[in-house]
Amino acid sequence: MVDLRSQYLKIKPEIDKGIQDVIDSCAFINGPAVKSFQEAMEKYLGVKHVIPCANGTDSLQVSMMALGLQPGDEVITTSFTFIATAEVIALLKLTPVLVDVDPGTFNIDLKAIEKAITPKTKAIVPVHLFGQCAPMEEIMKIAKQHDLFVIEDNCQAIGSDYIFKDGTRKKGGTIGQIGCTSFFPSKNLGCYGDGGAIFTNDDELAKKLRIIVNHGMVVRYYHDIVGVNSRLDSIQAAILMVKLEHLDEYAAKRRAAADFYDKAFANNPHLTTPMRDKNSTHVFHQYTIVTHNVDRKGLIDYLASKDIPAMIYYPVPLHLQKAYVDPRYKPGDFPVTEALCQAVFSLPMHTELEEEQLDYIVNSVLEFINK
Ligand SMILES: Cc1ncc(COP(=O)(O)O)c(C=O)c1O
């Protein structure tokens with residue numbers, strides 16, 4: 001689905017030097033490379049504080065801890081996302097309240113959020129799925145009305161812009177009280193291991209987040225609050241520093257590949273290509289197609305026989321995952337999510353797709369569909 005090797009070879013000298021510099025310095029944890037990356041990221045995002053951490057899952061967990069969410073508090077999120085979003089809610093003994101998604105954007109359904117709010121609701125976690133922002137302007141309005149926190153799960157949409165109705169733009173992940181991201185290798189800004197970060201414009205919250213990611217410690221070996229060990233390695237920070245320089249160019253390459261797919265599949269009655277929301281740029285973490293009357297497994301197997309990977313993100317809605325079975329939910333509760341899980345598949349999407357490869361992929365898809 002991604003070609004990290006070809007991407008690496010193009011930036012090899014800078015990456016290798018960055019890694020070697022960290023090794024030479026031996027400042028492996030919280031070294032100057034982490035601080036430099038944090039500052040570069042703050043500048044890129046136009047946000048006051050970036051708090052690097054160990055992975056995207058931790059970025060969500062630490063955010064919920066810093067906001068002081070307590071067992072039993074309800075957190076509204078989408079039924080169509082990667083498991084990590086709900087996992088941390090469950091781990092902290094908060095109550096995940098799932099809602100359906102919009103069938104066009106696959107992002108959280110605004111009307112469903114309003115219906116799900118109760119006196120116990122404390123936060124909303126919109127997920128900017130597949131690289132496009134959820135309707136943040138409206139979500140912030142709902143949150144303000146009901147005095148709720150908003151934590152943006154921006155793990156798939158780093159570099160995206162949210163466009164407000166008056167034309168103002170803000171980077172995805174910088175609109176809610178907190179934004180979270182993952183630097184997992186295949187992410188749009190991926191390191192060479194695990195990594196993550198938290199964004200906020202709130203000074204007090206930033207202080208608390210920094211303390212929590214480092215064992216709740218302000219002065220060494222004095223622990224003021226319960227924390228975790230969640231730090232970004234200096235080597236990963238050095239790699240991310242190089243790749244951040246290329247992030248916008250990488251997004252443009254992904255968009256060009258998406259344009260190619262869009263054109264090839266336009267007006268095909270069996271395939272709905274990804275909708276582009278006018279209130280967000282799309283950075284295409286995934287290129288996800290909805291199939292209609294297609295033998296999806298047959299198609300994926302056919303593509304595999306031609307050495308083309310294709311994946312289903314996600315095959316099972318959160319409320320039907322074994323670990324998350326809950327008497328509050330049953331099959332049929334989230335019809336849009338459930339229909340999407342039966343119908344979507346994603347094609348290779350990355351920065352190194354050549355026209356010849358794209359041609360081969362679309363022709364193979366169409367061969368199967370038109371058979
Ligand atoms: C939407 C979403 N949330 C959370 C995560 C968790 O990130 P990580 O794998 O870095 O823990 C991911 C990435 O895998 C994701 O796609």
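Look up a bit, the structure's there.
Because the structure is predicted, anything quoted here is derived from the model rather than measured.

Student: Sorry if this is basic, but what is going on with the environment of Ala66 here?
Tutor: Tracing the sequence through the fold places Ala66 in helix 3 (residues 56-66). Each C-alpha atom, one on Ala66 and one on Lys208, is 6.0 Å from the other, the two residues being 142 residues apart in sequence.

Student: What exactly am I supposed to notice about unusual backbone geometry here?
Tutor: Keep in mind that most residues, glycine aside, have a negative phi and that most peptide bonds are trans. Omega for the peptide link from Tyr313 to Tyr314 comes to 10°, which places this bond in the cis form. Counting through the fold element by element, Tyr314 comes out in the loop between helix 10 (296-305) and helix 11 (335-343). Residue Asn30 is not a glycine yet carries a positive backbone phi of 50°. Structurally, Asn30 is set in the loop between helix 1 (4-25) and helix 2 (32-45). Even without being glycine, Phe106 reaches a positive phi, approximately 70°. Following the sequence through the fold, Phe106 ends up in the loop between strand 3 (95-99) and helix 5 (110-116). Residue class for Phe106 comes out buried when judged on its relative accessible area of 6%.

Student: Before we go on, may I ask you to explain the layout of surface pockets in this structure?
Tutor: Left-over empty space is what a probe sized like a water molecule reveals as it rolls over the atoms. In this structure, the largest pocket encloses a volume near 520 Å³. Forming the walls of the largest pocket are 31 residues, and the residues nearest its centre are Phe82, Gln156, Phe184, Lys187 and Tyr314. Among the secondary structure elements, those contributing two or more residues to the lining of the largest pocket are helix 3 and helix 4 (84-91). When its residues are assigned to classes, the lining of the largest pocket shows 15 nonpolar, 12 polar and 4 charged. Here the second largest pocket defines a volume of roughly 260 Å³. Forming the boundary of the second largest pocket are Asn30, Gly31, Val34, Lys35, Gln38, Ile51, Pro52, Arg210, Val213, Asn214, Arg231 and Leu232.

Conventions and cut-offs
Each residue is numbered by its place in its chain's sequence as written, counting from 1. Confidence filtering applies because this is a predicted model: local features only for residues at pLDDT of at least 70, side-chain atom pairs given and counted only at 80 or more, and all residues used for totals across whole chains, interfaces and linings. Side-chain numbers come from the whole structure's heavy atoms, not from hydrogens or water. Runs of E in the DSSP output that reach at least two residues are strands. Runs of H or I that reach at least four are helices, and both are numbered from the N terminus. Burial classes follow relative accessibility: with a 1.4 Å probe on protein chains only, a residue under 20% of its type's maximum area counts as buried, one over 50% as exposed, and anything between as partly exposed. We place a 1 Å grid over just the protein atoms. Points where a 1.4 Å probe fits but has no way out form a cavity, open points with protein on both sides within 12 Å along at least 5 of 7 lines form a pocket, and any residue with an atom within 4 Å of a point lines it. Grid points are joined across faces, edges and corners, and a volume is the space filled by probe spheres set on the points. Polar here means any residue other than Ala, Val, Leu, Ile, Met, Phe, Trp, Tyr, Cys and Pro, which are nonpolar, and Asp, Glu, Lys and Arg, which are charged; Gly is therefore polar.

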